[in-house]
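Residue-level listing of the chains:
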Amino acid sequence: MITQMHVKGLMFDPYNNAYIVVLRDEDQAEMLPIWVGKSEASAISLALENVAPPRPMTHDFMKSFLDAYNAKVISTVITDLNEHTYFAKVHLMYEDSEYAIDSRPSDAIALAIRSDAPIFASDSVIRKQSSEELEQWLENLKPEDFGKLDS
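The text that follows walks through the structure, step by step, so that each part is easy to find. Once a new chain begins, its residue numbering starts again from 1 and follows that chain's sequence as written. Residue-level local features of this predicted model are given only where pLDDT is at least 70; pairs of side-chain atoms are given and counted only at 80 or more, and the full residue set underlies all totals for whole chains, interfaces and linings. Side-chain measures here rest on the full set of heavy atoms in the structure, leaving out hydrogens and waters.

Attention now moves to the packing of aromatic side chains. Given two aromatic rings, one states the distance between the centres and the angle between the planes to describe the pair. Stacked, edge-to-face and tilted labels apply to pairs of Phe, Tyr and Trp rings (six-membered ring for Trp) whose centres lie within 6.5 Å, assigned for plane angles under 30 degrees, over 60, and everything in between, in that order. All chains considered together, the criterion is met by three aromatic pairs. Ring plane angle 65° and centroid distance 5.0 Å describe the contact between Phe-12 and Tyr-19, whose orientation is recorded as edge-to-face. By relative accessible area, Phe-12 is classed as partly exposed at 26%. Grouping aromatic residues by their ring pairs yields a cluster made of Phe-61, Phe-65 and Tyr-69. Exposed residues in this analysis have more than 50% of their type's maximum accessible area, buried residues have under 20%, and partly exposed residues fall in between, with area computed by a 1.4 Å probe over protein chains only.

Moving on to unusual backbone geometry. Even without being glycine, Asn-17 reaches a positive phi, approximately 50°. In this fold, Asn-17 is placed in the loop between β1 (2–13) and β2 (18–25). Not every positive phi belongs to a glycine, and His-84 is a case in point at roughly 65°. For helices the rule is a DSSP run of H or I covering at least 4 residues; for strands it is a run of E covering at least 2, with both sets numbered from the N terminus onward.

Take the pattern of salt bridges next. By convention in these notes, a salt bridge is any Lys or Arg side-chain nitrogen within 4 Å of a carboxyl oxygen on Asp or Glu. This model, assessed by the stated rule, comprises five salt bridges. For Asp-60, the salt bridge identified is with Arg-114, shortest N-O distance 2.7 Å. Here Arg-114 lies in helix α3 (residues 105–115) and Asp-60 lies in helix α2 (residues 58–68), a separation of 54 residues in the sequence. A single burial state applies to Asp-60 and to Arg-114, both of which are buried. Notably, a salt bridge pairs Asp-67 with Lys-63, separated by 2.7 Å at the nearest N-O pair. Of this pair, Asp-67 and Lys-63 both sit in helix α2, four residues apart, roughly one helical turn. Under the relative-accessibility criterion, Asp-67 is labelled partly exposed at 40%. Here the salt bridges do not stand alone but share partners, grouping Glu-40, Arg-104 and Asp-107 into one network.

Whether two strands pair depends on DSSP finding at least two bridges between them. Ordered by their spatial adjacency, seven strands build an open sheet running β3-β2-β1-β7-β4-β5-β6, and the pairing between neighbours is mixed. At either margin of the open sheet sits one strand with a lone partner, and together these are β3 (31–36) and β6 (97–103). The average angle at which neighbouring strand axes cross in this sheet is 35°, direction not considered. Summarising the sheet, strand β4 (residues 72–82) and strand β5 (residues 85–94) pair through nine bridges and their orientation is antiparallel. Axis definition: a line fitted to C-alpha atoms, over the contacting stretch in the case of helices. Angles run 0 to 180 degrees between N-to-C directions.

Turning to the packing of helix α1 (residues 38–48) against α3, a few remarks are in order. Two numbers describe how α1 lies on α3: the axes approach to 9 Å, and their chain directions differ by 15°. Classified by the angle between their axes, α1 and α3 sit roughly parallel to one another. In this structure, α1 crosses over α3, and the sense of that crossing is left-handed. Each of Glu-40, Ala-43, Ile-44, Leu-46, Ala-47 and Leu-48 in α1 lies in contact with α3, whose residues at this interface are Ser-106, Ile-109, Ala-110, Ile-113 and Arg-114. The labels follow the angle: roughly parallel below 35 degrees, roughly antiparallel above 145, roughly perpendicular from 65 to 115, and oblique for the rest. Handedness of each helix crossing follows the sense of rotation of the near helix against the far helix: counterclockwise by less than a right angle gives left-handed, clockwise gives right-handed. A contact between two residues is defined here by any heavy atoms of the two lying within 4.5 Å.

Another point: the pairing of β1. In this structure, β1 lies alongside strand β7 (residues 119–122), joined through four bridges in antiparallel fashion. Paired with Ile-2 across the bridge in β7 is Ser-122. One ladder, built from eight bridges, connects β1 with β2; its direction is antiparallel. Along β2, the bridge assignment pairs Gly-9 with Val-22. Here β1 hands over to β2 after four residues, with Asn-17 in that stretch at a positive phi of 50°.

Next comes the structure, spelled out in structure tokens:
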């Protein structure tokens, strides 16, 4: 089973010097934080804010390439969580065939936003997400640690 998720925003984690993409389900019952690098966070932020850079970034190029060949991003699925590393697949439709391509979650999310494609998470990933680890991280946060986060 999979659950549709939505990007609710980006945060900066000063303890790991990394950014966090915050995914939430439609009912706001489940949260899936995914730690990403600065350039990945920037790519996601630009897509969320509909900002077009003067020259195409990698994800813009990927979208243009797919468009040129009439390939369509159907969805992105966060498929696994193994030793604190998330895994994802981008599902594409090209001609009459569907393809699932291995991807880093940050790249899959950035491409999904640009393609207006839904983002899903495997229920096993949501279950694996350690609530204890998340709670400990949340306890250490201060208000000034939060960047832009949509409600």
